Amino acid sequence: MNEQESNLMHRKSVSPIRMRAAAFATVVVMALAFAGDVIAQSDGQANDRINGSSDRIERLIEEMTLEEKLGQLTLQWGGEAADANPNIREKSRLAIRNEIKNGRIGAFIGAHGADYVNWMQRVAKEESRLGIPIIVGNDVIHGYHTIFPIPLAEACSWNPAIVEKAARVAATEARIAGTHWTLAPMVDIARDPRWGRIAEGAGEDPYLGGIMAAARVRGFQGKDLTAPDSVLACVKHFAAYGAAEAGRDYNPVDISEQTLRDIYLPPFKAAVDEGVGTLMTAFNEINGVPATADDFLLEQILRREWGFKGFVVSDWTSITEMVEHGYAESEAHAALLSIKAGVDMDMSALSFRDHFGDMVKTGRLSEKVVDRAVRRVLIQKERLGLFDDPFSDASKEERLLLCDEHRAAARDVARHSIVLLKNEDNLLPLRDDLTSIAVIGPLADNKPDPLGTWALTGKPKSVVPRLEDAVVTVLAGIRQRTGGAVTINYAKGCGIHEADSDELSKAIDAAQKSDVVILVVGEDRDMSGEGHCRTNLQIPPAQTALISTVYAVGKPTIVLLMNGRPLAINWISENVPALVEAWHLGTETGNAVADVLFGDFNPCGRLVTTFPRNVGQVPLYYNHKNTGRPPTSDDRFSSKYIDVHWSPLYPFGYGLSYTRFEYKNLRLSADTMPIDGRLTVKADISNAGARAGVEVVQLYVRDLVGSLTRPIRELKGFQRIAIKPGETETVTFELSANDLRFHNRKLEYVVEPGRFHVWIAPNSAEGLQGEFEVVVK
Ligand code: BGC
């Protein structure tokens, strides 16, 4: 099959919702049939030349052989040089040296350490024909060597400044150790906690997701990509990867274009607006088209509508996986489909390198399409300053990784990420007069699991401790905070999954001997993340048995959860007086937890993902539609279940403080808002408790009648306000038509005149409600 046939084959059936895509694709197909190479002509050389290419890059493209060009589009594993076995190490160095020397690989993943990467760069600069530097990319997802909370936790801070700082620290450590490019931020909206990768994103809301995406891009890339503390960012996975059917990783996605654009795309758009340099495709298909060959996503939306100028990398073998999808008949065909759709670099499958040589020679692929991709890659290498100085200063590596300043930042972000879910009778913070504390549970003195998913970075230098060794456990944090003044009775109680009767007896004994019990339970790091989906959201049975047995001892009990997703924790929530969501908090876990438990830090985290009562309720998210029969307790034919309440256990935006906030006096600047005007919404928030605290004040709206039905609430703003006890602060939000837009049936991005509800609220289920009308003058 030739390229025209293959394009046509994939455009045979087009669903109505892909009409715009179809229109675009039709133009492409027709032009291909007649002009042979419309992609290169329409948005190839000329545009990219204007958009950031340089004389150096253009000269290089002229000089490069086709093989060298394909090398620039090839990202390969380079991690073997860290292998413990010196024979493997040496052999692999030899192979890597040859590949770099011959210009057959221009990008590596898995390579760590300044010395190693500097060696690679020396080979590229001094031994390869054209001296083009390599780029090293790695999954620096929530920290490099100093590990920060998993992104889901970090987003619970609702604090873009500290999220940016976390990314900055990660960039500083990564760049000094030879990483130029992080494969982050992951910005996939997740409405289904069965999906293991919910841990990697910022939760379920597109507005908050956009704020966090932009903050992380700013933090990674900084103002100057040549700086030794900046890395190129890669927003991923484009797109709607989190909408996988049944919460099962890599599963198909079938959604309307409205939902795609209103819910799943905004965080990507925010990252592009922030100047993100690269973007990764997703493993999934959307409405029948694998994302890695979706020209509608990659050309129409990403480049034409949003003006993205960076390069697009496939996900790991996502190109060749299109054969398994049943979308490409061979790996060669898959490679052709993806470069023509707008993918510039192949991660790990070697498909561009293996197949494009022949295709260009036989005229099935225009070299201009290859040049377009090469240009995009070289522009980013140039932005990083790699042509002028590809080396990192190895002498600073040791000093920077896990330095005190970075650990202090990780501790601060970790304590901001903790969400207090329940605190009956102010059991927390712990009283000063305690003489003994039981610390119980398989996660209490556990070093690897608090690191969470994607804490990968090896050990670049022998003097830098392994990631695990650096972790402060909850037990260690509590011991350090109490400094010997309080007796700490520790018992593991059980394994994550394994019951142990001896351990259980020790746990009972520890509880009996203590004034108060802290149970540290939940998921290990392998229970969330890529390929780690669950159909059950409960804490494993060995631990639930531990919780109920220890609780029965009758001591005041606090459950501290560590997990990578919302869990179904009804029993704990109903019975145990205090419940703290600590997620996987990273290197400084124990110190951050101690800060919160002892009241040195007043918790201010708010959930960014709905907690269901049980797995049968999912997907469950706050910004859902109303139905014609919204649930009510007195109507059995309303939209609900017969075996569980319809509402979440804890709603989006929820979280407590050690003080109490009261909301009063909602006021709007007017009853109406001109469609091209603005509206001011204010409320007074008082601290009615005895401690200073930070409240996350949230602004929601509901469009009451739309040409398409609208969600029952949508977040449109938030402010973090520090309020002293007894004081009142006025918060002011401004709304404009831009905040009220959605994609209508014709896929126009509109605000429609009519009535809206507005809330200033502590979470998505409560708040002060007002009303206004959008009018056309
Ligand atoms: C993941 C990506 C990741 C890549 C490289 C893939 O399996 O989906 O998020 O960046 O591996 O490690």
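All values derive from a computational prediction rather than experimental measurement. (Residues numbered from 1 in each chain as written. Predicted model: local features only at pLDDT ≥ 70, side-chain atom pairs only at ≥ 80, totals over all residues. Heavy atoms only, no water.)

In the vicinity of the ligand lie 13 residues, with Asp139, Arg197, His237, Asp315 and Glu530 positioned nearest. Between an oxygen atom of the ligand and a side-chain N or O atom of Lys236, the distance comes to 2.8 Å. Here an oxygen atom of the ligand and a side-chain polar atom of Asp315 are 2.6 Å apart. A total of 310 Å² of accessible area belongs to the ligand in isolation, and the protein chains cover 92% of it. Of the residues belonging to the shell around the ligand, the class tally is seven nonpolar, one polar and five charged. (Near = heavy atom within 4 Å. Polar contact = N/O pair within 3.5 Å; in protein donor to acceptor, adjacent residues only side chain to side chain. Areas by Shrake-Rupley, 256 points an atom, 1.4 Å probe, with all protein chains shown as cover. Nonpolar A, V, L, I, M, F, W, Y, C, P; charged D, E, K, R; others polar.)

What follows concerns unusual backbone geometry. In this structure, His237 follows Lys236 across a cis peptide bond, with omega equal to -5°. With respect to the element layout, His237 can be found in strand S5 (residues 234–238). The phi dihedral of Asp425 falls on the positive side, at around 50°, and the residue is not glycine. Along the chain, the position of Asp425 falls in the loop between strand S11 (419–423) and strand S12 (436–440). Exposure remark for Asp425: the relative accessible area of 75% places this residue in the exposed category. A positive phi angle, close to 60°, is found at Asn665, a residue other than glycine. Along the chain, the position of Asn665 falls in strand S17 (residues 661–668). (Helix = DSSP H or I, 4+ residues; strand = E, 2+ residues; numbered from the N terminus. Buried < 20%, exposed > 50% of the residue type's maximum accessible area, 1.4 Å probe, protein only.)

Between the first and last C-alpha of helix H23 (residues 541–552) there are 16 Å, a value that for 12 residues agrees with the 16 Å anticipated at 1.5 Å per step. Structurally, H23 contributes buried residues whose contacts are with S12, helix H22 (501–512), strand S14 (516–522), strand S15 (557–562) and helix H24 (570–575). The first or second residue beyond H23 is Gly554, which carries a positive phi of 95°. (Expected span 1.5 Å × (residues − 1). Contact = heavy atoms within 4.5 Å.)

Right, let's talk about the confidence of the model for the protein for a bit. Any region with low pLDDT has predicted coordinates that should not be read closely. Taken as a whole, the protein shows an average pLDDT of 93; of its residues, 93% reach a score of 70 or greater. Of all secondary-structure elements in the protein, the lowest mean pLDDT belongs to helix H2 (residues 19–35), at 32, while S14 reaches the highest, 99. The model gives residues 1–50 a pLDDT under 50, and that stretch makes 86 contacts with residues more than four places away or in other chains. (pLDDT = per-residue confidence, 0-100.)

Scanning the model with the defined rule gives 19 aromatic pairs in all. Between Tyr622 and Phe652, the aromatic rings sit 4.4 Å apart at their centres with planes inclined by 15°, giving stacked as the arrangement. Of this pair, Tyr622 sits in the loop between helix H25 (589–597) and S17 while Phe652 sits in the loop between H25 and S17; the two residues are 30 residues apart in sequence, bridging distant segments of the chain. By relative accessible area, Tyr622 is classed as buried at 7%. Taking the relative accessible area as the measure of exposure, Phe652 reaches 0% and is therefore buried. Cluster of aromatic residues (ring-pair linked, three or more members): Trp158, Tyr207, Tyr622, Phe652, Tyr700 and Phe718. Against the face of Trp119 rests Arg93, its NZ or CZ located 4.7 Å from the ring centre. (Phe/Tyr/Trp six-rings, centres within 6.5 Å; stacked < 30°, edge-to-face > 60°. Lys NZ or Arg CZ within 6 Å of the ring centre and 35° of its normal.)

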